[in-house]
Amino acid sequence: MDHGQHVRLALAEITPDVVEGVTIYGRDEDVISSVDHLHGSGEQAQVVFDVGGFLGIGSKRVALFASQFDFMRDENGNVHAITQMTMDQLEALPEHTD
């Protein structure tokens, strides 16, 4: 996926209605996960998602600040997120509890 033509979301757009369920891509374009839910709004919002496992078995729920992602809208209006963290780094994060 070429993100060069995609439009970065404004902070005001980083809300549960917009980002919950969007696909999260790694820096190598691999699909990492999808956004489960969001705590708060703007760049200090916590984005909660699962990493690791297979088909939901053995996965771990983690959270990063919204500012640690690039939220983008593609030419079809679909929103996605990009993280620069590797899967190993994500799996090393502490488990998030709601």
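Placed above this text is the structure.
For clarity, every value in this text was computed on a predicted model and none was experimentally measured.

Once that is clear, we can look at the sheet that holds strand β3 (residues 31-39). Across the sheet, 7 strands lie side by side as β1-β6-β7-β2-β3-β4-β5; this open sheet has mixed pairing. Unpaired on one side and paired on the other, β1 (7-8) and β5 (60-65) mark the two borders of the sheet. Sheet topology note: the β3/strand β4 (residues 46-51) ladder contains 4 bridges and is antiparallel. Following the sheet pairing, His-37 is matched in β4 by Val-48.

What follows covers the environment of Ile-24. If you trace the backbone, Ile-24 turns up in strand β2 (residues 23-25). For Ile-24, a relative accessible area of 0% corresponds to the buried category. It is 7.2 Å that separates the C-alpha atoms of Ile-24 and Thr-83, two residues lying 59 residues apart in sequence. In this structure, Ile-24 is in contact with Asp-30, Val-31, Ile-32, Ser-33, Ser-34, Val-35, Phe-49, Phe-69, Ala-81 and Thr-83, ignoring residues within four places of it in sequence.

For the rest of this paragraph, the subject is the pattern of salt bridges. One pass over the full model with this rule turns up 4 salt bridges. The closest approach of N and O atoms between Asp-70 and Arg-8, which form a salt bridge, is 2.4 Å. Of this pair, Asp-70 sits in strand β6 (residues 69-73) while Arg-8 sits in strand β1, and the two are 62 residues apart along the sequence. A relative accessible area of 27% places Asp-70 in the partly exposed class.

This next bit is on the pairing of β4. As paired elements, β4 and β5 share 6 bridges and run antiparallel to each other. Looking at the pairing, Gln-46 lines up with Phe-65 of β5.

What counts as what
- Residue positions are given per chain, counted from 1 along the sequence in the order it is written.
- This being a predicted model, a pLDDT of at least 70 is required before a residue's local features are given, and a value of 80 or more before pairs of side-chain atoms are given or counted; all residues contribute to the totals for chains, interfaces and linings.
- The side-chain figures draw on all heavy atoms in the structure; neither hydrogens nor water molecules are used.
- Here a strand pair is declared whenever DSSP counts at least two bridges between the two strands.
- In this description a helix means any DSSP run of H or I spanning at least four residues, a strand means any run of E spanning at least two, and both kinds are numbered starting from the N terminus.
- Only protein chains enter the calculation, and the probe is 1.4 Å; a residue is then buried if its accessible area is under 20% of its type maximum, exposed if over 50%, and partly exposed in between.
- Any pair of residues with heavy atoms lying within 4.5 Å of one another is described as a contacting pair.
- Whenever a carboxyl oxygen of Asp or Glu lies within 4 Å of a side-chain nitrogen of Lys or Arg, that contact is scored as a salt bridge.

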